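# Working through the structure, step by step
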Amino acid sequence: TTSNINGTTNLVIRGTMLFSVGVFLALVLNLLQVQRNVTLFPPDVISSIFSSAWWVPPCCGTASAMIGLLYPCIDSRLGEPHKFKREWSSVMRCVAVFVGINHASAKVDFANNVQLSLTLAALSIGLWWTFDRSRSGFGLGIGIALLATLATQLLVYNGVFQYTSPDFLYIRSWLPCIFFAGVITMGNIGRQLALYEYKVVQEKTHQD
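Parameters and conventions
- Residues numbered from 1 in each chain as written.
- Predicted model: local features only at pLDDT ≥ 70, side-chain atom pairs only at ≥ 80, totals over all residues.
- Heavy atoms only, no water.
- Helix = DSSP H or I, 4+ residues; strand = E, 2+ residues; numbered from the N terminus.
- Expected span 1.5 Å × (residues − 1).
- Buried < 20%, exposed > 50% of the residue type's maximum accessible area, 1.4 Å probe, protein only.
- Axes fitted to C-alpha atoms, helices over the stretch in contact; angles between N-to-C directions.
- Parallel < 35°, antiparallel > 145°, perpendicular 65-115°, else oblique.
- Left-handed = near helix turned anticlockwise from the far one by under 90°.
- Contact = heavy atoms within 4.5 Å.
- Core = buried A, V, L, I, M, F, W, Y, C linked by side-chain atoms within 4.5 Å.
- Nonpolar A, V, L, I, M, F, W, Y, C, P; charged D, E, K, R; others polar.
- Salt bridge = Lys/Arg side-chain N within 4 Å of Asp/Glu carboxyl O.
- UniProt positions renumbered as here; feature names shortened; annotations may be inferred.

### Quick look at helix α3 (residues 88–107)
Helical geometry note: an α-helix holds 3.6 residues per turn, so side chains three or four residues apart project in the same direction. The terminal C-alpha atoms of α3 lie 28 Å apart, and with 20 residues this matches the ideal 28 Å at 1.5 Å per residue to within 8%. Every buried residue belonging to α3 is among Ser90, Val91, Cys94, Val95, Phe98, Ile101, Asn102, Ala104, Ser105 and Ala106, and all of these are buried.

### Brief notes about the packing of helix α2 (residues 56–78) against helix α5 (residues 135–157)
Between α2 and α5, the least distance of the axes is 11 Å, while the angle of their chain directions is 140 degrees. Taken together, the axis directions place α2 and α5 in an arrangement best described as oblique. With respect to the hand of their crossing, α2 and α5 are arranged in right-handed fashion. Facing α2, whose interface residues are Ile67, Leu70, Tyr71, Ile74, Asp75 and Leu78, α5 presents Ser136, Gly137, Leu140, Gly141 and Ile144.

### So, the nonpolar core
By size, the foremost hydrophobic cluster in this structure holds 31 residues, and its most contacted members are Phe98, Leu120, Leu127 and Ile189. Elements with a contribution of two residues or more to this core: α1 (2–35), α2, α3, α4 (113–131), α5 and α6 (175–207). For this core, the element with the most residues is α6, which contributes 10 residues. Contacts of Leu120, omitting those with residues within four sequence positions, involve Ile101, Ser105, Trp174, Cys177 and Ile178.

### Describing the packing of α3 against α4
α4 packs onto α3 with a crossing angle of 180 degrees between their chain directions and a minimal axis gap of 11 Å. Between α3 and α4, the crossing angle belongs to the class labelled roughly antiparallel. Residue-level contacts link Ser90, Arg93, Cys94, Val97, Phe98, Ile101 and Ser105 of α3 to Leu116, Leu120, Leu123, Ser124, Leu127 and Phe131 of α4. Here the residues of the contact of α3 with α4 sort into nine nonpolar, three polar and one charged.

### Describing the pattern of salt bridges
Counted under the stated rule, the structure contains three salt bridges. Arg191 serves as the salt-bridge partner of Asp75, at 2.7 Å between the closest nitrogen and oxygen. Highlighted residues: Asp75 in helix α2 and Arg191 in helix α6, separated in sequence by 116 residues. The exposure class of Asp75 is buried, given its relative accessible area of 6%. With relative accessibility at 1%, the residue Arg191 sits in the buried group. Its salt-bridge partner being Arg191, residue Asp132 comes within 3.0 Å of it at the nearest N-O pair. Pair noted here: Asp132 is in the loop between α4 and α5 and Arg191 is in helix α6, with a separation of 59 residues, a long-range link. You'll find Asp132 and Arg191 in the same group, each marked buried. Each of the salt bridges in this network shares a partner with another, and the network as a whole consists of Asp75, Asp132 and Arg191.

### Regarding the UniProt feature "transmembrane region" (unreviewed entry) in the protein
Sites flagged by UniProt as "transmembrane region" (unreviewed entry) map to residues 12–32, 52–71, 114–131, 138–157 and 169–189. End C-alpha to end C-alpha, residues 114–131 measures 26 Å, and it is 100% helix and 0% strand. Helix makes up 100% of residues 138–157 and strand 0%, with an end-to-end C-alpha separation of 28 Å.

Take a look at the structure:
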């Protein structure tokens, strides 16, 4: 019973940390997008913080927590423990590359949206290859990115917010690439937190 309580507590702690990271990244990345005038929120939902709608960071935080908890869970279910580059320095580099990809989408001027989309797709897959390389990670990344794009499509279609120059069904065609890179990044953070928790539990078991 005690182990179950400890397991639940650790799960909540990990979820809270992932939520916080997701909220922070959402605020930083939205600031980049707003600076480029990529997104426009209707005046009645604009918040004073970073010109973002209030619900965006909590939604990103919730999604980040779910993704970060899902990845290590899928790994254990598949019996494929993720061992590639399992250290915090690698995770932090992954976060830095993810922010860099977003920065490129907001700051770099490309000849057209196709060129931008192809470049971001290559960078996103490169991020997966550099920091993940698992089939489960790639599959989940693609699946969640498509679902997130569909959800964004519905929000835009219903007028919750809009993109200043959409090029594919009211949204930006490179959006799935950003979502994919974000999923891989949060998956890596979640895996590392789970590994850290496992090591702590093992150390306590040996001490007892």
